[in-house]
Amino acid sequence: MAGRVEGKVAFITGAARGQGRSHAVRLAQEGADIIAVDICKQIDSVQIPLSTPEDLAETADLVKGHDRRIYTAEVDVRDYGALKAAVDAGVEQLGRLDIIVANAGIGNGGATLDRTSERDWTDMIDVNLGGVWKTVKAGVPHMLAGGRGGSIILTSSVGGLKAYPHTGHYVAAKHGVVGLMRTFAVELGQHMIRVNSVHPTNVNTPLFLNEGTMKLFRPDLENPGPDDMKVVAQMMHTLPIGWVEPEDISNAVLFLASDEARYITGVTLPVDAGSCLK
Ligand SMILES: NC(=O)c1ccc[n+]([C@@H]2O[C@H](COP(=O)([O-])OP(=O)(O)OC[C@H]3O[C@@H](n4cnc5c(N)ncnc54)[C@H](O)[C@@H]3O)[C@@H](O)[C@H]2O)c1
């Protein structure tokens, strides 16, 4: 039986681990070849370790395990020239481009907005907003050249639909992603290119499950662990869970990427266990 994205090529940022890796694997399972990029080194303002070259190599192995091809490159999404070189080389090798998943993102800081440093602000906006714009800008010419339309999925957050304290710069960037999504959708619709955003709640990845976040959720405890955080995280949701798994987001990305969603564009799709109801 043909896969849901059989024969298509997907360009995914932040693909070395977490949700990006999961998207690469899920799309490969359903028949897509992958162009995978990730920074694979540290950004100074980010408290948790970012990905490594070994992480990206592991994603490549997982995709190849599904008998799909993958082109990988170590690229910072803030660098448009490097993004363009990577996607150009990937398309040269894999032959086409049908799907863009602008997923790379960071968390940094953790202060209220009036106390956020300029460095944390600038890195946040440059990666989580500027990087999304540059990713789409680098990929779109290949979709247009193919003349077959396409699907672009931008990773926002529940924080792109409502506010959370202590992450105002993240909330601003993720709301900005919705503006990018809507504008790209109206500009590219005439070419049958669809543009949507996904809005995950807490996801079980290093960006969320780390010491800093646990302390933010449980300032009352000296050394909070995942179970301590879960009690509070659960209160954010209508469904009684603290966080979702990367695969839950990948299934939404797969749907939007596939022809099952062929007339869906300009949509903000929460995968949020009912967080937006609260
Ligand atoms: N984890 C959550 O709770 C959560 C919730 C809502 C939205 N998100 C969003 O989901 C996306 C994926 O995050 P994740 O949860 O998989 O976290 P993660 O930290 O596991 O993965 C993020 C990946 O992006 C890469 N990256 C960071 N900056 C980069 C840059 N400048 N250039 C290229 N690659 C870069 C990292 O190296 C890492 O591999 C992010 O946009 C994040 O904001 C996460």
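In the nomenclature of an unreviewed UniProt entry, the protein chain corresponds to Short-chain dehydrogenase/reductase SDR [Nakamurella multipartita DSM] from the organism Mycobacterium shimoidei. Under the heading Sequence similarities (unreviewed entry), UniProt records this for the protein chain: "Belongs to the short-chain dehydrogenases/reductases (SDR) family."

Undergrad: Can you help me understand the site of the ligand in this one?
TA: The local shell around the ligand holds 30 residues, among which D38, N103, Y170, V203 and T205 are the closest. S51 places a side-chain nitrogen or oxygen 3.0 Å from an oxygen atom of the ligand. For the ligand, an oxygen atom lies 2.9 Å from a polar atom in the side chain of K174. In isolation the ligand exposes 820 Å². Once the protein is present, 98% of that is buried. Broken down by secondary-structure element, the contributors of at least two residues to the shell around the ligand are helix 1 (18-29) and helix 5 (168-188). Looking at the shell around the ligand residue by residue, the class counts come to 14 nonpolar, 12 polar and four charged.

Undergrad: Can you walk me through the pairing of strand 6 (residues 193-200) in this structure?
TA: For a regular strand, side-chain orientation follows a simple rule: the groups alternate between the two sheet faces. Taken across its eight residues, strand 6 has eight buried, putting it largely inside the fold. Burial of strand 6 is two-sided: the residues I193, V195, S197 and H199 facing one way and the residues R194, N196, V198 and P200 facing the other way are all buried. When strand 5 (residues 150-155) meets strand 6, the two strands line up parallel, connected through six bridges. When the sheet's bridge partners are listed, G150 is paired in strand 6 with I193. Handedness of the crossover is the feature at issue here: the chain leaves strand 5, passes through helix 5, returns alongside strand 6, and the resulting connection is right-handed. Note that strand 6 and strand 7 (residues 268-271) share four bridges and pair parallel.

Undergrad: Explanation requested: the nonpolar core in the structure shown.
TA: Across soluble globular proteins, nonpolar side chains show a tendency to be buried alongside one another. Membership of the largest hydrophobic core comes to 44 residues, with the highest contact counts inside it found for F11, I35, L97, I152, L154 and V195. For this core, the element with the highest residue contribution is helix 5, accounting for nine residues. Here F11 is in contact with I35, V37, L83, V87, L97, I99, I100, V101 and T135, once residues within four sequence places are set aside. Residues A24, C40, L56 and I153 belong to the second largest nonpolar core, which totals 30 residues.

Undergrad: Got a minute to help me understand the side chain of T213 in this structure?
TA: Locating T213 in the fold gives a position in helix 6 (residues 211-217). The exposure class of T213 is buried, given its relative accessible area of 15%. Apart from the residues lying within four places of it in its own chain, the contact partners of T213 are L207, F208 and M229.

Undergrad: Explain helix 2 (residues 53-64) to me, please; I cannot follow it from the model alone.
TA: An α-helix turns once per 3.6 residues; consequently, residues spaced three or four apart project the same way. Taking 1.5 Å per residue as the helical rise, helix 2 with its 12 residues ought to reach 16 Å, and the 17 Å between its terminal C-alpha atoms agrees with that figure. Of all the residues in helix 2, the buried ones are D55, L56, T59, A60 and V63. Along the long axis of helix 2, the arc covered by the buried residues comes to 145 degrees, so they all point the same way. Turned more than 90 degrees off the buried face of helix 2, the exposed positions are E54 and D61. Elements in contact with the buried residues of helix 2: helix 1, strand 2 (33-38) and strand 3 (70-74).

Reading the values: rules and limits
- Residues numbered from 1 in each chain as written.
- Predicted model: local features only at pLDDT ≥ 70, side-chain atom pairs only at ≥ 80, totals over all residues.
- Heavy atoms only, no water.
- UniProt positions renumbered as here; feature names shortened; annotations may be inferred.
- Near = heavy atom within 4 Å.
- Polar contact = N/O pair within 3.5 Å; in protein donor to acceptor, adjacent residues only side chain to side chain.
- Areas by Shrake-Rupley, 256 points an atom, 1.4 Å probe, with all protein chains shown as cover.
- Helix = DSSP H or I, 4+ residues; strand = E, 2+ residues; numbered from the N terminus.
- Nonpolar A, V, L, I, M, F, W, Y, C, P; charged D, E, K, R; others polar.
- Buried < 20%, exposed > 50% of the residue type's maximum accessible area, 1.4 Å probe, protein only.
- Pairing = 2+ DSSP bridges.
- Right-handed = clockwise from strand over helix to strand, strands pointing away.
- Core = buried A, V, L, I, M, F, W, Y, C linked by side-chain atoms within 4.5 Å.
- Contact = heavy atoms within 4.5 Å.
- Expected span 1.5 Å × (residues − 1).
- Arc of directions from axis to C-beta.

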